[in-house]
Amino acid sequence: MMTIDPALIRNFCIIAHIDHGKSTLADRLLEATNAVSERDKKDQFLDNMELERERGITIKAQTARMNFTAEDGKTYVLNLIDTPGHVDFSYEVSRALSACEGALLIVDAAQGIEAQTLANAYLAVEANLELIPVVNKIDLPSADPDRVAQEIEDVIGLDAADVLPVSAKTGVGIDAILQAIVDRIPPPAGEATAPAQALIFDAYFDSYVGVVMIVRVVNGVLHKRERIKFMVAGIEQEITRLDVIDPTPRSVDSLAAGEVGMVIAGIKTLGDIKIGDTITTAAKGAAEALAGFQEVKAMVFTGLYPVDSEDYEDLKVALEKLKLNDASISYEPETSAALGFGFRCGFLGFLHAEIVQERLEREYDLDLITTAPTVRYLVVPRDGDPFEIESPAALPESAEIHEIQEPVVLATIHVPSDYLGAVLGLCQDRRGVQKDMGVHGTRVQVRYELPLNEIVTDFHDRLKSATRGYGSFDYDLVGFRPADLVKLDVMVNGDAVDALSLIVHKDKAYGRGSELTKKLKEFIPRQQFPIAIQAAIGSRIIARTTVRAVRKNVLAKCYGGDITRKRKLLEKQKAGKKRMKMVGSVEIPQEAFLAALRLGDD
Amino acid sequence: MAEDFDVFDDGAVGVYLHLPFCERICPYCDFAVVAAPELGAGREARYVSNLLTELKARRSDFEGRALASLYFGGGTPSLFTPQSIRELALAVGAAFAERGDDAAGGRVPEIETTLEVNPSTIEWARLPDFRAAGINRLSIGVQSFNDTLLKRLGRAHRAPIARETLCAARAAGFDNLSIDLIFAAPGESQGDLARDLDELLEWEPEHISTYELTFEPETPFGRALAAGKMNSCDEDLAADMTLQIEGRLKASGFGRYEISNYSRGEETRSQHNQRYWQRQAVLGLGMGAHSAEARSAGLPHGARRANPRRLGEWEERIRTDPARTGDEERLSVAGSRGEAVFLALRQAEGLSALRFEAEFGGSPRVFFEAEIEAMIRRGWLIEGGRVAGDLRLSDLGRLLADDVAAEFVAAV
């Protein structure tokens, strides 16, 4: 059995803003080290889901091992650890970073530093990583590598002289990167003879072997067929397979301190293990788990209902399958008087929610009605202990509430200075509190504390349109703050439409209420009686509109002998009525819900 | 087989001839029409010849039935020459004996014979010849006497031409005139409608049809509405206009005998159109025409036949199987029951419980107890009248006739 000298190992990751060329650069590194043959090569090897490719976001982390012969003539093992590229997985990003000793920080030579560049750089610095700044896309006509290098020095504090100019597209500068990884990133520390400690920084479900864990061995050695213990989860299993990924899995007998690889240990579902957990040996194991573990909690919730109630079972099966690959999704059955049977689903953030909904609709061909996203609130009652709620329906009567606290994020926003005014206006409108602002050339970096519920629906889209796509945004949860929040109900003829209830800030309740009532009025057809559409906080009506009773419904023409057509029209009219949802005695077409729930997206 | 008829089959037949050509197509029209800026003698002759072939092939389905009405509809049938119209009327007369007259053929029929006339294309010099050809009733597509509205409706004609046409019709000796009026046109006010009704009544027609402008999906107007480029009339205004028309026409001695139709007396009601509403036999000939075949041993509720809406397709069928130009729809018992109710309710007399029971073996309440109760409770339906169990719409129900009707059909 051959173990690798830790001095010849380098573990690194690549951090970058979306579209700054992270995946293309990874491909070049793999090619340059012959880890990927031309035949295996897809455009972006590491992004394996169709959706990731389309959105340019890496959703599940992967990893790959390369052999590189450096200038000193020695062959090094370079483990590229891929990190999820979006903000809702920041905990997973932090675990992946803690599996490395260094990071390539990629910045687009034309665009310069963006919000995500910075947020990830801070995370990397926190994780004590050696940062190698790389300016990519120097082949672009609009590239200005010197300016961007200076920006890296000014904003992040890395010496401009250390910046490597690269074109991942043409391959220029790739060898210099590989050499810099060997020269600048320290080899893994860790004791090969100490009790085993391996960090699970990623995992996915494979339908053949069950759960596959991606681990970084920090101390000691893991062996095939060895009994292991998961220190946080508290379970024991036997390792059935150990693989390194170069870049397709290859079986090995052991993984020693400093190495990265895959562990398969007969675990059936992702829910059984936890990202950030420490694996040790069952016998003579480590006394303590590695630092940094956190329980991951869903922060954004929506009700998902099939448009056609017959698709309920299909939706259930689809959620089960998705959860196999993404343990951070939670769901439980929920019944709405208005929408029928569905699920209350929890997500790490709103991007996560969007991606899951898109996958359900695209990969599972489901038509869904999604209720307005809500966040986790902390309710402090007058009597009893504080508790968290995930749905407006769970909010008690206002008389019983002492205080409601809402989650707040620290948002980092990068914009060209021309658009600063629009961005400040947007943040102000979303109850933001400015923390600081810095100007770097023509770009401004501004940080705001923003309530999460103000950014869950359309903040990102609004920011993009207010800045013509030039603004970028990243956020990090900072905690719960008390706020003047109320539950807004929508009622038709006195009956609450449960699917449309919302928790909103008091100052926004009126505007939201009148928007909702107006939109419903547009879509609820006139019926035999007048219909009052009201928005209410508790028993107080804050907006009201009326759909008048039907006056006339008769088609004039009934001649020329085409009685069949007339009959079919009437039959269709009747069928249309049958498809409506009843709220009290009022018939509400599905389009009315869709339109009301889409408010704010437009 | 004439002696075979019963309480719901009068044993007669009405004949409808569809002449689909129009000089231009109105943007709200979804009828089966063919644009023909110039009809041309060859095209006209070919169409007439095809109609005669179809008549010959189809008449056996209506064997032994007396001719009750003849109707030339369109399209713009007045684009055809009086000679063609006469040839067709003679052929129909020869095919069916008139009621109470066993000597078929050789002369034009004396039953109600209607020609639809379009003010924009009529050569009023031809009207006396149409009269001589056997036409005894004209249905004139005036639509409005307001040039602004006519323009907005995309009509080719203007009010002065409509007036000339009406004068010429009276001068030619027509004593049974029907005028079509469209209301709830874009931008039309109740004042506009009042002026239209005033002038309409000055012409003292025997019959009036009023149609609320409908935005049919597959028309330029329908597409403009869907694209938000046009607005339909406000529902309340359209309801008020419906009531305005009814009030004004009733005060002038007209009876509203069907949702959209008014006549001065029972004898000037449209005999032909009533056949559809009363579910009597009609032989429809021509592209896009509909036939209603009476019930028979194999077809307890009769059948319908819809001819192809495309000219080429209809012509092809004439060549290959002129007896079966249209696709047959055999009526189910449930479908027929629903139709019997909603068609009857659109008429002033309403639904006869006796006639319904004779056809379906039970009174309306046997089949529609819950629906009838609900409609009476809402005040949309009135029960009783000459015979217990008869049903008719209330004033409110007439405005909501489709909502009432939908209760009596099956959801699909």
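Residues numbered from 1 in each chain as written. Chains lettered and ligands numbered in written order. Predicted model: local features only at pLDDT ≥ 70, side-chain atom pairs only at ≥ 80, totals over all residues. Heavy atoms only, no water.

Chemist: Tell me about the overall build of chain A, and name the residues and values.
Modeler: Of regular secondary structure, chain A possesses 13 helices and 34 strands. Looking at chain A residue by residue over its 602 residues, the buried ones come to 55%. In chain A, of all internal contacts separated by at least 6 residues, the share reaching a separation of at least 24 is 69%. Roughly 25300 Å² of accessible area belongs to chain A as shown, and the carbon and sulfur atoms make up 48% of that amount. (Helix = DSSP H or I, 4+ residues; strand = E, 2+ residues; numbered from the N terminus. Buried < 20%, exposed > 50% of the residue type's maximum accessible area, 1.4 Å probe, protein only. Contact = heavy atoms within 4.5 Å. Areas by Shrake-Rupley, 256 points an atom, 1.4 Å probe, with all protein chains shown as cover.)

Chemist: Go over the side chain of arginine 443 of chain A with me, naming the residues and quoting the values.
Modeler: All names here are of chain A. With respect to the helices and strands, arginine 443 occurs in strand β26 (residues 443-451). In terms of polar contacts, arginine 443 uses its side chain to reach the side chain of glutamate 114, at 2.9 Å. Contact partners of arginine 443, with chain neighbours within four places excluded, come to Gln111, Ile113, Glu114, Glu151, His414, Val415, Pro416, Ser417, Gly438 and Tyr470. (Polar contact = N/O pair within 3.5 Å; in protein donor to acceptor, adjacent residues only side chain to side chain.)

Chemist: I'd like a description of the environment of phenylalanine 459 of chain A, backed by residues and values.
Modeler: Residue and element names in this part refer to chain A. Mapped onto the elements, phenylalanine 459 comes out in helix α10 (residues 459-466). Sequence separation of phenylalanine 459 and phenylalanine 473 is 14 residues, and the distance between their C-alpha atoms is 9.7 Å. Setting aside residues no more than four positions away along its own chain, phenylalanine 459 makes contact with Ile413, Leu426, Cys427, Arg430, Leu450, Glu454 and Phe473.

Chemist: Lay out the confidence of the model for chain A with the relevant residues and their values.
Modeler: Residues at a pLDDT of 70 or more form 93% of chain A, whose mean pLDDT is 87. Low pLDDT (under 50) marks residues 55-61 of chain A, which in the prediction has 32 contacts with non-local residues, meaning those over four places away or in another chain. (pLDDT = per-residue confidence, 0-100.)

Chemist: Talk me through the sheet that holds strand β6 (residues 164-165) of chain A; I want residue IDs and the actual numbers.
Modeler: Residue and element names in this part refer to chain A. One open sheet holds the six strands; their spatial order is β2-β3-β1-β4-β5-β6, and the pairing between them is mixed. Sheet topology places β2 (63-69) and β6 at the edges, where each strand pairs with a single neighbour. Both strand β1 (residues 9-16) and strand β3 (residues 75-81) contribute to a ladder of five bridges, which runs parallel. Residue cysteine 13 lies in a different strand from β3, and its bridge partner there is isoleucine 81. Docked against the sheet, helix α4 (residues 115-126) engages β1, β4 (102-108) and β5 (130-136), running at close to 150° with respect to β1. (Pairing = 2+ DSSP bridges. Axes fitted to C-alpha atoms, helices over the stretch in contact; angles between N-to-C directions.)

Chemist: Explain the sheet that holds strand β16 (residues 278-281) of chain A residue by residue, including any values.
Modeler: Residue and element names in this part refer to chain A. Taken in spatial order, the eight strands of this open sheet run β11-β10-β16-β7-β8-β15-β12-β13, and their pairing is antiparallel. Looking along the sheet, the strands with just one partner apiece sit at the ends: β11 (235-238) and β13 (249-252). Strand-to-strand twist across the sheet, computed as the mean angle between neighbouring axes with direction ignored, equals 40°. Direction of pairing for strand β12 (residues 241-245) relative to strand β15 (residues 260-264): antiparallel, over a ladder of three bridges. Following the sheet pairing, aspartate 243 is matched in β15 by methionine 262.

Chemist: Quick rundown of helix α5 (residues 145-156) of chain A? Include the residues and the values.
Modeler: All names here are of chain A. A rise of 1.5 Å per residue sets the reference length of α5, with its 12 residues, at 16 Å; its end C-alpha atoms lie 16 Å apart and thus fit the reference within 8%. Within α5 the residues assigned to the buried category are Val148, Ala149, Glu151, Ile152, Val155 and Ile156. Looking down the long axis of α5, one finds its buried residues gathered within 155° of arc, a one-sided arrangement. Exposed residues on α5 whose side chains face more than 90 degrees from its buried face are Asp146 and Asp154. Against the buried residues of α5 lie β4, α4, β5, β25 (433-440) and β26. (Expected span 1.5 Å × (residues − 1). Arc of directions from axis to C-beta.)

Chemist: If you had to explain the packing of helix α12 (residues 353-360) of chain B against helix α13 (residues 364-377) of chain B to someone new, which residues and values would you point to?
Modeler: How two helices pack is summed up by the angle between their axes together with the distance between the axes. Residue and element names in this part refer to chain B. It is the contact of α12 with α13, at a shortest axis distance of 10 Å, that shows an interaxial angle of 110°. As the angle between them shows, α12 and α13 are arranged roughly perpendicular. Counted together, Ala353, Phe356 and Phe360 of α12 and Pro364, Phe367 and Phe368 of α13 form the full contact between these two elements. A breakdown of the residues in the contact of α12 with α13 according to their chemical character gives six nonpolar, no polar and no charged. (Parallel < 35°, antiparallel > 145°, perpendicular 65-115°, else oblique. Nonpolar A, V, L, I, M, F, W, Y, C, P; charged D, E, K, R; others polar.)

Chemist: For the pairing of strand β19 (residues 340-347) of chain A, give the residues involved together with the corresponding values.
Modeler: Residue and element names in this part refer to chain A. Burial of β19 is extensive: six of the eight residues sit out of reach of the surface. In terms of strand pairing, strand β18 (residues 330-336) meets β19 through seven bridges, oriented antiparallel. Its bridge partner being in β19, serine 330 is matched across the sheet by glycine 346. Connecting the antiparallel pair β18 and β19 is a turn made up of three residues.

Chemist: Help me get a handle on the nonpolar core, residues and values and all.
Modeler: Core analysis: the largest hydrophobic core is formed by 67 residues, its most contacted members being Phe72, Phe96 and Leu138 of chain B. When residues of this core are assigned to their parent elements, the largest contribution, five residues, is made by helix α2 (residues 82-95) of chain B. Those residues within four positions of phenylalanine 72 of chain B in sequence are excluded, and the remaining contacts are Leu17, Leu19, Pro77, Ile85, Leu88, Ala89, Thr113, Thr114, Leu115, Glu116 and Ile135 of chain B. Counting 48 residues, the second largest nonpolar core, distinct from the first, contains Val409, Phe459, Ala483 and Ile503 of chain A. (Core = buried A, V, L, I, M, F, W, Y, C linked by side-chain atoms within 4.5 Å.)

Chemist: Please set out the pattern of salt bridges residue by residue, giving values where relevant.
Modeler: Applying the stated rule across the entire model yields 65 salt bridges over all chains. With its nearest N and O atoms 3.6 Å apart, the salt bridge here joins arginine 147 of chain A to aspartate 144 of chain A. A relative accessible area of 35% means that arginine 147 of chain A is categorised as partly exposed. Its salt-bridge partner being glutamate 328 of chain B, residue arginine 305 of chain B comes within 3.4 Å of it at the nearest N-O pair. Of this pair, arginine 305 of chain B sits in strand β13 (residues 303-306) while glutamate 328 of chain B sits in strand β14 (residues 327-330), and the two are 23 residues apart along the sequence. (Salt bridge = Lys/Arg side-chain N within 4 Å of Asp/Glu carboxyl O.)

Chemist: Explain the interface of chain A and chain B to me, and be specific about the residues and the numbers.
Modeler: Taken together, the contacts link 29 residues of chain A with 46 residues of chain B. In this assembly, chain A packs against chain B so that about 3700 Å² is buried in total across both faces, 52% of it on carbon and sulfur atoms. At the junction of chain A and chain B, the tally comes to 11 salt bridges. The salt bridge partner of arginine 567 of chain A is glutamate 329 of chain B, with a shortest N-O separation of 2.9 Å. Linking chain A with chain B are 23 residue pairs in polar contact (both at pLDDT 80 or more). Residue classes in the side of chain A that touches chain B are distributed as nine nonpolar, six polar and 14 charged. (Buried area = accessible area lost by both parts, 1.4 Å probe.)

Chemist: How would you summarise unusual backbone geometry if you had to cite specific residues and measurements?
Modeler: Between glycine 74 of chain B and glycine 75 of chain B the backbone carries a cis peptide bond, its omega angle lying at 15°. Within the fold, glycine 75 of chain B resides in the loop between β4 (66-74) and α2. Non-glycine residue asparagine 128 of chain A carries a positive phi angle of around 60°. Classification of asparagine 128 of chain A by relative accessible area gives exposed; the value is 67%. Phi is positive for arginine 431 of chain A, close to 60°, though the residue is something other than glycine. Relative to the elements of secondary structure, arginine 431 of chain A occurs in the loop between α9 (420-429) and β25.

Chemist: So what's going on with the confidence of the model for chain B? Residues and values would help.
Modeler: Here chain B shows a mean pLDDT of 90. Residues at 70 or above account for 95%. Below pLDDT 50 for its whole length, residues 1-5 of chain B participates in four contacts with residues either more than four positions away or in separate chains.

Chemist: Would you mind going over the environment of leucine 366 of chain A in detail, with residue names and values included?
Modeler: Considering the arrangement of structural elements, one finds leucine 366 of chain A in the loop between α8 (350-363) and β20 (368-370). Put simply, leucine 366 of chain A and tyrosine 312 of chain A are 54 residues apart on the chain and 9.6 Å apart in space, counted from C-alpha to C-alpha.

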